[in-house]
Amino acid sequence: MDDDGEDLDAVITAVLAGSRLLISVAARSLAAVEDKITLPQFRMLVLLAGHGGVNLVTMAELLDVNSSTAMRMADRLAGAGLIVREVNPHNRRESMMRLTEEGHRIVDEVMARRRKQIGEIVSRMSATQRQALISAMNAFNEAGGESAASLPQWPGV
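The notes below deal with the structure included here. (Residues numbered from 1 in each chain as written. Predicted model: local features only at pLDDT ≥ 70, side-chain atom pairs only at ≥ 80, totals over all residues. Heavy atoms only, no water.)

With respect to the overall build of the chain
Scanning the chain from N- to C-terminus turns up six helices and three strands. Helices and strands in the chain line up, N terminus first, as α-α-β-α-α-β-β-α-α. Structurally, the chain occupies a C-alpha span of about 60 × 30 × 25 Å along its principal axes. Considering the chain as a whole, with its 157 residues, one finds that 24% of them fall into the buried category. Restricting to contacts in the chain with at least 6 residues of sequence separation, those with at least 24 account for 56%. For the chain, the exposed area adds up to about 10,200 Å²; of that, 57% sits on carbon and sulfur atoms. Across the chain, the 17 positively charged side chains and the 20 negatively charged ones have centroids separated by 10 Å. (Helix = DSSP H or I, 4+ residues; strand = E, 2+ residues; numbered from the N terminus. Buried < 20%, exposed > 50% of the residue type's maximum accessible area, 1.4 Å probe, protein only. Contact = heavy atoms within 4.5 Å. Areas by Shrake-Rupley, 256 points an atom, 1.4 Å probe, with all protein chains shown as cover. Lys, Arg positive; Asp, Glu negative; His and termini not counted. Charge placed at Lys NZ, Arg CZ, Asp CG, Glu CD.)

Here it is, written out as structure tokens:
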């Protein structure tokens with residue numbers, strides 16, 4: 001393998017290890033509410049927190065699932081009192097989903113725990129390592145089409 005291939009392999013290995021760590025943080029942050037929602041359902045809640053009212057087709061696209069899967073998720077979340085569905089006033093054939101107060105509370109609570117856990121990990125890094133991580137993660141997110149600026153900002157998060 002040439003140097004570029006070895007470098008690419010080292011980067012992929014490091015990113016996979018980092019993703020395992022972040023998945024672990026995500027799972028632990030959901031532990032207090034896991035009896036109420038699954039990780040995919042939490043993704044729906046986070047998207048609603050960031051987008052406000054969203055119709056089913058848009059939600060399915062955001063989640064990269066088919067509409068029937070998004071509908072089942074929405075049914076469960078509505079049954080748990082975490083989202084409500086209302087008729088779109090601009091198109092009465094369409095319903096819009098939005099978070100309830102309890103849905104907002106759960107997103108805020110989970111994200112605060114996640115932020116705290118990541119903060120504990122990052123605080124064990126040197127200032128130089130933290131700056132390098134910012135640059136690397138920004139480049140990684142940009143290459144993947146994700147932007148930190150597009151993330152919703154939660155109070156205390």
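Considerations on the sheet that holds strand β1 (residues 54-55)
Strand pairs in the sheet, formed through backbone hydrogen bonds, run parallel or antiparallel to each other. Spatially, the three strands line up as an open sheet ordered β1-β3-β2, and their pairing is antiparallel. The open sheet has two edge strands, β1 and β2 (83-88), and neither has a second partner. (Pairing = 2+ DSSP bridges.)

Structural notes on the nonpolar core
Within the largest apolar cluster, 25 residues are counted, with the highest numbers of intra-cluster contacts made by Ile37, Phe42, Met44, Leu45, Leu48, Met59 and Ile83. Secondary structure elements with two or more residues in this core: α2 (39-51), α3 (56-63), α4 (67-79), β3 (91-99) and α5 (101-122). Here this core takes five residues from α2, the largest share from any one element. (Core = buried A, V, L, I, M, F, W, Y, C linked by side-chain atoms within 4.5 Å.)

Remarks on α5
For α5, built from 22 residues, the straight-helix expectation of 32 Å at 1.5 Å per residue is met to within 8% by its first-to-last C-alpha distance of 31 Å. For α5, the complete set of buried residues consists of Gly103, Ile106, Val107, Val110, Met111, Arg114 and Gln117. With its buried residues spanning 125° around the axis, α5 presents them on a single face. Of the exposed residues in α5, the ones pointing more than 90 degrees away from its buried face are Glu101 and Lys116. (Expected span 1.5 Å × (residues − 1). Arc of directions from axis to C-beta.)

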